[in-house]
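Chain and residue survey
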Amino acid sequence: MADLVVQRPEGLYCPPGDFYIDPWRPVARAVITHAHSDHARFGHGHYLAAQQAEGVLRTRLGDIDLQTLAYGERIVHNGVDVSLHPAGHVLGSAQVRLEHAGAVWVASGDYKVAPDKTCTAFEPVKCDVFITESTFGLPIYRWCPDDEIFADINGWWGRNVVAGRASVLTCYSFGKAQRVLSGVDPSIGPIIVHGAVEPLNRAYRAAGVELPPTQMVVDVKDKADLKRALVICPPSAAASPWMRRFGADAQTAFASGWMQLRGARRRGGYDRGFVLSDHADWPGLLGAIGATGAQRIIVTHGSVPVMVRYLTEQGLQAEGFDTEYGGDVVEADVQAPDAA
Amino acid sequence: MKRFARLFAELDATTSTNAKVEALQRYFEQAPARDAAWAVYFLSGGKPRQVVSMSTLAMLACEVAAIQPWLFDECYQAVGDLAETIAHILPLDGEPSDIGLAQWVEERLLPLRGLPEQEIAARVKSYWRELDAQERFLLTKLVGGGFRVGVSKLLVQRALAVHSGVDAKRVAQRMMGYTDGKVLPSLERFEALVAKHDDNAPSPQDEGQPYPFFLAHQLDAPPEVFASKLGPVSDWQVEWKYDGIRGQIVKRAGKVWVWSRGEELVTERFPEIEALARTLPDGTVLDGEIMVWLDEPVDTPGALIGRPAPFSLLQQRIGRKTLSKKVLAQAPVTFMAYDLLEQDGRDIRSLPQGERRARLEQLLAGTSFKVSPIESHSTWLAFAAQREKSRERGVEGFMLKHLASAYGTGREKRGQSPNSPASTLGSDPIFLWWKWKIEPMTIDCVLVYAQAGHGRRASVYTDYTFAVWNRPPRDKHEADAVVDAIEKREPPRPDELQLVAFAKAYSGLTDEEFRQVDGIIRKTTIEKFGPVRSVRPSLVFELGFEGINRSSRHKSGIAVRFPRMLRIRFDKPLHEANTLQDLEALLKL
């Protein structure tokens with residue numbers, strides 16, 4: 001039986017359906033798993049995405065020809081049965097399920113299996129072939145429960161308030177920022193967000209996700225608030241003159257799965273690193289793969305050779321796809337793109 | 001262990017010196033003295049001998065985590081640190097305990113040595129279960145003997161001084177030898193570090209204790225500006241800079257101690273020096289250089305007969321466990337005295353340099369000690385000309401010491417002068433010791449292999465192997481043909497042009513430059529051998545080094561001393577890199 005998804009220079013392609021999944025070059029028809037800029041690019045003719053992704057997609061890509069599906073809703077395109085299922089990565093993230101001539105394939109996009117208040121929880125989907133990401137595909141990556149991480153962040157912020165220092169927490173503007181907001185304790189002090197973050201907050205709130213009150217730095221009336229604030233911004237802003245207003249003694253932190261490693265923490269030059277990731281950790285990846293029941297696994301972006309070898313040793317048929325998504329390098333996370 | 005792990009995390013998380021001292025102070029206030037004794041030991045560089053090898057620990061961890069060795073290796077490649085890799089892969093299903101650092105070390109870790117392998121394995125496994133990831137990381141480092149943290153000994157001393165109210169210099173003196181591993185840290189030893197004594201005389205517990213070495217700063221200015229920066233030459237004592245082992249001789253109560261700069265007691269390794277020191281009066285401490293001296297007839301008039309032997313000769317001797325007659329005859333050591341720190345039992349470090357020197361000369365007149373000769377010239381430019389003769393004399397350049405300066409502590413930032421009133425310029429960088437070294441030898445060479453670094457350089461290619469041509473390439477085409485052959489993995493033909501590896505270096509570039517080179521290495525990788533990548537030769541580096549010797553251990557037949565990268569020569573085509581013959585020429589210098 002012919003494969004339902006193959007590699008092409010433009011991206012992952014479904015031959016019978018004649019459409020792409022998260023293509024990196026402009027194509028006529030694209031199914032988009034989520035709105036991060038390496039997966040949702042400009043210039044496609046037609047976009048298909050999950051309903052909940054609409055707000056964030058339009059915030060990032062503007063006026064596009066976008067069709068949406070509720071999670072689990074099925075459509076048939078060129079004889080291929082297409083449906084989207086929650087991936088638990090960010091708001092509106094989806095796994096793409098394809099069914100054709102009796103075969104079921106699922107492309108995961110990016111996913112995490114741990115609960116997250118800002119998006120619908122990951123849902124395992126039975127399939128014959130599972131295309132999985134592998135950003136954190138090494139056994140050294142195992143995440144602590146969210147409440148422990150947020151207790152750490154709140155503690156750090158609270159101590160900085162007492163010391164009269166601003167707490168600048170850098171992270172992806174889309175997804176991670178909102179997850180942090182949903183988890184911190186707003187009674188500690190004011191929350192200031194960078195201009196790259198606020199438009200996405202609006203999209204989240206519009207989609208019904210509850211976030212604490214946030215303000216832009218230009219809205220801050222009392223300068224003393226700057227020293228008590230939790231400041232959320234992308235890493236690029238932390239290296240810019242925008243930071244100066246928070247004072248030379250501002251404490252900086254970075255929230256990312258890469259902060260698991262001491263080397264990355266020290267190289268980043270941040271005062272603190274919080275290990276908070278929107279990707280599955282090693283047990284999460286293996287659990288998700290197992291739950292699909294798939295006998296053939298295709299590994300993309302991340303630790304491809306390691307996962308392929310490991311899964312093969314577990315008796316699965318495993319291979320890799322070359323993709324052009326970020327995620328396999330630390331720097332891709334550090335240089336998170338600014339939202340428009 | 002929890003308290004020590006928290007301190008480690010705090011020290012590791014910040015680059016601010018003040019924040020580190022504060023964290024240390026907090027720790028010393030809260031920790032029981034018995035634990036603090038061990039914390040001081042580990043934080044100031046103390047390393048108990050490895051109890052269990054890291055490879056054994058890695059195997060154990062694989063077993064506990066049920067992962068294959070190849071997967072462990074992949075993890076290690078990403079982490080860049082074995083202990084951290086182990087900490088991250090172990091399952092998180094233990095029963096936490098909170099046992100103090102001293103109890104951990106004395107009752108659990110040290111007794112592991114010598115136990116049957118299976119017993120060690122069982123114990124280490126159960127210890128891991130009691131700890132969280134951060135504590136496991138520390139435990140593994142302590143057991144495996146690779147503990148390091150970003151604090152200097154000076155910082156630990158500063159924090160202890162603030163904590164106890166004892167002068168930092170006194171703490172430093174008491175800490176000499178604290179980490180040599182001959183006596184284990186204990187409650188008593190910690191209390192002795194921070195005990196208050198009113199008088200300035202060495203107390204009985206300080207018997208045998210040397211003084212902290214005063215270390216020199218690099219002088220990086222052209223001699224033309226010396227007059228304006230340093231003042232007249234007549235204010236300065238100028239000596240040759242020798243390349244041996246800096247040492248201190250302590251003679252008190254009829255006993256002799258010889259200390260190296262590494263704070264190691266080395267008395268037994270240098271019987272000649274011990275014998276020499278027996279002739280000194282009690283209550284004497286000398287600072288100087290331990291070196292191998294070749295007695296040769298002099299051809300230039302001077303105070304000394306002979307010349308210093310190359311450092312490699314001293315190195316061979318340090319490596320020996322037992323000193324045979326042959327070794328003693330081949331590499332006789334001597335002590336080149338620089339300074340007098342204690343006389344008649346009195347600490348005279350605060351006397352001016354000139355005064356200490358006069359007393360030193362008087363004390364050692366007529367003995368077999370060598371006293372570092374003073375060079376005198378009327379201008380700095382004349383010194384600069386004289387410095388050019390350093391290599392032929394087997395020295396590294398000049399040492400500059402202000403005649404009014406006191407003997408300080410470590411590599412402090414400001415020197416002291418007892419002569420100036422405290423209100424004015426009592427402390428000034430001019431009163432430091434300055435090393436005015438000759439320019440390093442340099443070679444333009446080609447990057448051929450790269451390996452990822454460790455710690456903060458994990459996953460970044462920062463350790464490089466460099467090669468030179470075995471003969472000058474005829475032209476660009478001939479060099480390019482060699483590069484093409486390397487890329488096609490053809491073995492080099494012995495008689496033809498080829499690149500010969502001769503040195504490794506991993507320092508000298510900025511983080512930005514390392515990132516840039518890392519990117520090029522990833523794009524030009526030919527093959528991976530474990531952690532090492534061979535690259536298509538394309539980059540020329542200017543490599544600097546302090547010395548060069550023949551070596552039968554290296555394929556090139558040459559070993560260089562302290563190699564480091566001076567700059568990347570993007571402007572230099574490959575075929576213009578240096579050759580083995582150029583290295584040979586440096587050997588003759």
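No experiment lies behind these values; they were computed from the predicted model shown.

The next point concerns the overall build of chain B. Along its length, chain B carries 22 helices and 23 strands. Against the 2.2 N^0.38 benchmark of 25 Å for 589 residues, chain B shows a C-alpha radius of gyration of 27 Å, consistent with a compact globule. Principal-axis analysis of the C-alpha atoms places the extent of chain B at approximately 70 × 70 × 55 Å. Relative to its full complement of 589 residues, chain B shows a buried share of 36%.

All names here are of chain B. Those residues of helix 18 (residues 380-387) that sit buried are W380, F383 and R387. Down the axis of helix 18, the buried side of the element spans an arc of 55°, and every buried residue falls inside it. Buried positions along helix 18 lie against helix 13 (226-230), strand 2 (236-240), helix 19 (390-393), strand 11 (397-402) and strand 14 (433-437).

Further remarks concern the domain arrangement of chain A. Residues and elements named next belong to chain A. Under the domain assignment, chain A is made up of domain 1 (6-141 + 278-334) and domain 2 (146-274). Put simply, the middle of domain 1 and the middle of domain 2, counted by C-alpha atoms, are 29 Å apart. Every contact between the two is made by 20 residues of domain 1 and, on the other side, 21 residues of domain 2. Mapped by element, the contributors of at least two residues to the side of domain 1 that touches domain 2 are helix 1 (54-61) and helix 10 (330-334).

Glancing now at the packing of helix 2 (residues 17-30) of chain B against helix 10 (residues 153-164) of chain B. All names here are of chain B. Orientation of helix 2 relative to helix 10, taken along the N-to-C sense of each, is 50°, at an axis distance of 9 Å. For the element pair helix 2 / helix 10, the angle class is oblique. Between helix 2 and helix 10 the crossing geometry is right-handed. In contact with T17, K20, V21, L24, Q25, F28 and E29 of helix 2, helix 10 contributes L155, V156, R158, A159, L160, V162 and H163. Residues that form the contact of helix 2 with helix 10 fall into these classes: eight nonpolar, three polar and three charged.

So, on to the sheet that holds strand 16 (residues 251-255) of chain A. Residues and elements named next belong to chain A. Pairing in this open sheet of six strands is parallel, and the strands run 14-13-15-12-16-17 from one edge to the other. Each edge of the sheet is formed by a strand with only one pairing partner; in this case those strands are strand 14 (215-216) and strand 17 (272-274). Bridge count for strand 16 against strand 17 is three bridges, and the pairing is parallel. Looking at strand 17, one finds that A255 is bridged to F274. Relative to the sheet, helix 2 (residues 146-163) contacts strand 12 (167-170), strand 15 (230-233), strand 16 and strand 17, its axis offset from that of strand 17 by approximately 155°. Strand contacts of helix 3 (residues 176-183): strand 12, strand 13 (191-193), strand 15 and strand 16, with the helix running at about 160° to strand 15, the strand carrying the most contacts.

Below, the discussion takes up the packing of helix 1 (residues 2-13) of chain B against helix 9 (residues 133-144) of chain B. Residues and elements named next belong to chain B. Direction vectors running N to C along helix 1 and helix 9 enclose 90°, while the axes themselves pass 9 Å from each other. The angle between the axes of helix 1 and helix 9 places the two elements in the roughly perpendicular class. Residues K2, F4, A5, F8 and A9 of helix 1 pack against Q134, E135 and L138 of helix 9. Across the contact of helix 1 with helix 9, the residue classes break down as five nonpolar, one polar and two charged.

At the interface, 19 residues of chain B touch 12 residues of chain A. Its residues assigned to classes, the side of chain B that touches chain A shows nine nonpolar, six polar and four charged.

To continue, consider unusual backbone geometry. Unusually for a residue other than glycine, A101 of chain A sits at a positive phi of about 50°. As for its position among the elements, A101 of chain A is in the loop between strand 9 (94-100) and strand 10 (103-107). The exposure class assigned to A101 of chain A is exposed, which follows from the 10 C-beta atoms found within 10 Å. Non-glycine residue A66 of chain B carries a positive phi angle of around 55°.

Residue and element names in this part refer to chain B. Judged by how many residues are buried, strand 3 (residues 245-252) sits mostly within the fold: six of eight residues are covered. Relative to strand 5 (residues 284-294), strand 3 runs antiparallel, the two being bridged by seven bridges. Its bridge partner lying in strand 5, R246 is registered against E289. Pairing between strand 3 and strand 4 (residues 255-260): six bridges, direction antiparallel. Residue pairing in the sheet places Q248 in a bridge with W259 of strand 4. Here strand 3 hands over to strand 4 after two residues, with A253 in that stretch at a positive phi of 50°.

Right, let's get into the sheet that holds strand 1 (residues 217-218) of chain B. Residue and element names in this part refer to chain B. If you walk across this open sheet you meet the five strands as 1-14-11-2-10, and the pairing is mixed. Bordering the open sheet on either side are strand 1 and strand 10 (374-375), each of which pairs with just one other strand. Relative to strand 10, strand 2 runs antiparallel, the two sharing two bridges. Counted as the bridge partner of E239 is I374 from strand 10. Sheet contacts for helix 18: strand 2, strand 10, strand 11 and strand 14; angle to strand 11, the most-contacted strand, approximately 145°.

Moving on: the nonpolar core. Within the largest apolar cluster, 248 residues are counted, with the highest numbers of intra-cluster contacts made by V231 and I232 of chain A together with A39, V40 and F466 of chain B. Ranked by residue count, the leading element in this core is helix 3 (residues 33-43) of chain B, at eight residues. Residues within four places of V40 of chain B in sequence aside, it is in contact with V156, Y178, P185, F190 and L193 of chain B.

For the rest of this paragraph, the subject is helix 9 of chain B. All names here are of chain B. Over its 12 residues, helix 9 extends 16 Å from the first C-alpha to the last, a length consistent with the 16 Å expected when each residue adds 1.5 Å. Within helix 9, 10 of the 12 residues are buried, which leaves the element mostly enclosed by the surrounding structure. Downstream of helix 9 by one or two residues, G145 has phi in the positive range, about 75°.

This brings us to the confidence of the model for chain B. All names here are of chain B. Within chain B, residue pLDDT values average 87, and 94% of them lie at 70 or more. Across chain B, element-level confidence peaks in helix 17 (residues 353-364) with a mean pLDDT of 96 and bottoms out in strand 13 (residues 427-428) with 70. In this model residues 421-425 is a low-confidence stretch, pLDDT under 50, and it forms two contacts with partners more than four residues away in sequence or in other chains. Taken together, the chains of this predicted complex give a pTM of 0.70 and an interface ipTM of 0.91.

What counts and what doesn't
- Residues numbered from 1 in each chain as written.
- Chains lettered and ligands numbered in written order.
- Predicted model: local features only at pLDDT ≥ 70, side-chain atom pairs only at ≥ 80, totals over all residues.
- Helix = DSSP H or I, 4+ residues; strand = E, 2+ residues; numbered from the N terminus.
- Rg over C-alpha atoms; globule rule 2.2 N^0.38 Å.
- Buried ≥ 20, exposed ≤ 12 C-beta atoms within 10 Å, placed from the backbone.
- Arc of directions from axis to C-beta.
- Contact = placed C-beta atoms within 7 Å.
- Domains from an automatic or database assignment.
- Axes fitted to C-alpha atoms, helices over the stretch in contact; angles between N-to-C directions.
- Parallel < 35°, antiparallel > 145°, perpendicular 65-115°, else oblique.
- Left-handed = near helix turned anticlockwise from the far one by under 90°.
- Nonpolar A, V, L, I, M, F, W, Y, C, P; charged D, E, K, R; others polar.
- Pairing = 2+ DSSP bridges.
- Core = buried A, V, L, I, M, F, W, Y, C linked by C-beta atoms within 7 Å.
- Expected span 1.5 Å × (residues − 1).
- pLDDT = per-residue confidence, 0-100.

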